[in-house]
Amino acid sequence: MKTLHEYVIEAEAKKVAIGHFNISNMEGAWAVSRAAKNLNVPVIIGVSEGERDFLGVAQTRAIVSSIQKELDHPIFLNADHTYSLDRVKEAVDAGFDSVIIDGAKLNAEENLKITKEAVQYAKSKNINILVEGELGYIGQSSKILDAIPEGVFTDVDSLTSAQNAAEFVKETGIDMLAPAVGNIHGMLKGGVDPNLNIKRIAEIRAATGIPLVLHGGSGNSAEDFVQAIEMGIAIVHINTELRVAFRDALKKELQDNPDEVAPYKIMKSPLLAMQKLVEDKLKLFNKL
Ligand code: G3H
Ligand code: ZN
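Conventions used here
Residues numbered from 1 in each chain as written. Chains lettered and ligands numbered in written order. Predicted model: local features only at pLDDT ≥ 70, side-chain atom pairs only at ≥ 80, totals over all residues. Heavy atoms only, no water. Helix = DSSP H or I, 4+ residues; strand = E, 2+ residues; numbered from the N terminus. Rg over C-alpha atoms; globule rule 2.2 N^0.38 Å. Buried < 20%, exposed > 50% of the residue type's maximum accessible area, 1.4 Å probe, protein only. Contact = heavy atoms within 4.5 Å. Lys, Arg positive; Asp, Glu negative; His and termini not counted. Charge placed at Lys NZ, Arg CZ, Asp CG, Glu CD. Expected span 1.5 Å × (residues − 1). Near = heavy atom within 4 Å. Polar contact = N/O pair within 3.5 Å; in protein donor to acceptor, adjacent residues only side chain to side chain. Areas by Shrake-Rupley, 256 points an atom, 1.4 Å probe, with all protein chains shown as cover. Nonpolar A, V, L, I, M, F, W, Y, C, P; charged D, E, K, R; others polar. Phe/Tyr/Trp six-rings, centres within 6.5 Å; stacked < 30°, edge-to-face > 60°. Lys NZ or Arg CZ within 6 Å of the ring centre and 35° of its normal. Axes fitted to C-alpha atoms, helices over the stretch in contact; angles between N-to-C directions. Parallel < 35°, antiparallel > 145°, perpendicular 65-115°, else oblique. Left-handed = near helix turned anticlockwise from the far one by under 90°. Salt bridge = Lys/Arg side-chain N within 4 Å of Asp/Glu carboxyl O. Pairing = 2+ DSSP bridges.

With that settled, consider the overall build of the protein chain. Counting its regular elements, the protein chain contains twelve helices and ten strands. Whereas a compact globule of 288 residues would reach a radius of gyration of roughly 19 Å, the protein chain reaches 18 Å, a difference of no more than 12%. A buried classification covers 56% of the 288 residues belonging to the protein chain. Sequence-distant contacts in the protein chain: of pairs separated by 6 or more residues, those separated by 24 or more amount to 73%. Positive and negative side-chain charges in the protein chain, numbering 31 and 40 respectively, have mean positions lying 4 Å apart.

Next comes the structure, spelled out in structure tokens:
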């Protein structure tokens, strides 16, 4: 199987993006994996610190590896938003394919320092692991929002600048960068988030020379995704919309079948709802 790095380079060349979907349970793992297999595209499964605490770090690695083997399909595992070096080390040592060191909330100097240290540790243990850094705060929760999260600004002057991004990449040695380009973590009530700044994406890609990752993909329009991918976004993260699909399907299932007690029957429609959503997003990101 090709490495994640090779798939990312290939996606950029084809002007498509690899979908990254967060999971919290086994149903999520199957939903994402089967969707990718059905469409014959690579995919990344992501687990935040909270998600991997719930599933288990080593257990998540084992689950994804075993599904990947069984389906004989490129399914990669990312340690999403990791806030400390200890947790970066834990994910690297557990054999994750990529890790995100998220210093976006720190001051510039601290973000640079922790990101650089994360790269050094990860690469000393696994030359193939990809390390992603974050520059520009876009919030931290994948949930339904009443308003733009506190501390997040989407006006043009508050977005990640191409110059800062280029310096950050050069200093830290990261493989991929997640900038703030109008995107926000979570999704506004009503399901429509602010527009992305496509021009800024193009400027950052040109200035940094490395693949860019779009976080906070829930609530963004199909048109914005298409343009953002065209301009250099190689990976798109989706979480909130997947959580909503799971919650809504589960609620309906319990309402429709109040006497059902078998978890594997109850969980069938939430799994299929997530799979459908992932397939729709993968079609869009991969121009299918
Ligand atoms: O890392 C996770 C993502 O950036 C998800 O963002 O919940 O807005 O889709 P989202
Ligand atoms: Zn994110």
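Right, let's get into helix H12 (residues 268-285). An ideal rise of 1.5 Å per residue puts 26 Å on 18 residues; H12 measures up with 26 Å between its terminal C-alpha atoms. Among the residues of H12, those classed as buried are Pro270, Leu271, Met274, Gln275, Leu277, Val278, Glu279, Lys281, Leu282 and Phe285. Lys287 lies just past H12 and shows a positive phi near 55 degrees.

Taken together, 15 residues form the shell around ligand 1, and within it Asp80, Ser142, Gly216, Ser218 and Thr240 come nearest. For ligand 1, an oxygen atom lies 3.2 Å from a polar atom in the side chain of His215. For ligand 1, an oxygen atom lies 2.8 Å from a polar atom in the backbone of Asn239. Across the complex, the protein chains shield 99% of the 300 Å² of accessible surface that ligand 1 would expose by itself. Considering only residue class, the shell around ligand 1 consists of two nonpolar, twelve polar and one charged.

Applying the stated rule across the entire model yields two aromatic pairs. Ring geometry for Phe225 and Phe285: centres 5.1 Å apart, planes at 70 degrees, overall edge-to-face. One end of the pair, Phe225, is in helix H9 (residues 222-230); the other, Phe285, is in helix H12, with 60 residues separating them in the sequence. Across the pair, exposure class does not vary: Phe225 and Phe285 are buried alike. The residue whose ring lies beneath Lys89 is Tyr121, and the NZ or CZ to ring-centre distance is 5.4 Å.

Turning to the packing of helix H2 (residues 26-39) against H12, a few remarks are in order. Where H2 contacts H12, the two axes come as close as 8 Å, and the packing angle between them is 40 degrees. Considering the angle they form, H2 stands oblique to H12. You can see that H2 and H12 cross each other, and the crossing is right-handed. Residues Glu27, Gly28, Trp30, Ala31, Val32, Arg34, Ala35, Ala36, Asn38 and Leu39 of H2 lie in contact with H12, whose contacting residues are Leu271, Met274, Gln275, Val278, Glu279, Leu282 and Lys283. Its residues placed into classes, the contact of H2 with H12 shows ten nonpolar, three polar and four charged.

Now for the pattern of salt bridges. Pairing is possible between side chains that carry opposite charge, provided their charged atoms lie close to one another. In total, this model carries 17 salt bridges according to the counting rule given. Notably, a salt bridge pairs Lys2 with Glu10, separated by 2.6 Å at the nearest N-O pair. With its nearest N and O atoms 2.7 Å apart, the salt bridge here joins Asp280 to Lys276. A residue pair is termed a helical-turn pair when its members lie 3 or 4 positions apart in one helix, as Asp280 and Lys276 do in helix H12 at four residues. Relative accessible area serves as the criterion here: at 35%, Asp280 is assigned to the partly exposed category. Each of the salt bridges in this network shares a partner with another, and the network as a whole consists of Lys2, Glu10 and Lys14.

In this section: the pairing of strand E7 (residues 176-179). Burial along E7 is two-sided: Met176 and Ala178 and Leu177 and Pro179, pointing in opposite directions, are all buried. Of the pairings in the sheet, the one linking strand E5 (residues 130-135) to E7 comprises four bridges and is parallel in character. Within E7, the residue paired with Glu132 across the bridge is Met176.

This brings us to the environment of Asn38. Tracing the chain through its elements places Asn38 in helix H2. Since its relative accessible area comes to 53%, Asn38 is described here as exposed. Other than its neighbours up to four places away in sequence, Asn38 contacts Gln275 and Glu279.

Fair warning: the whole summary comes from geometry, so function is off the table for now.
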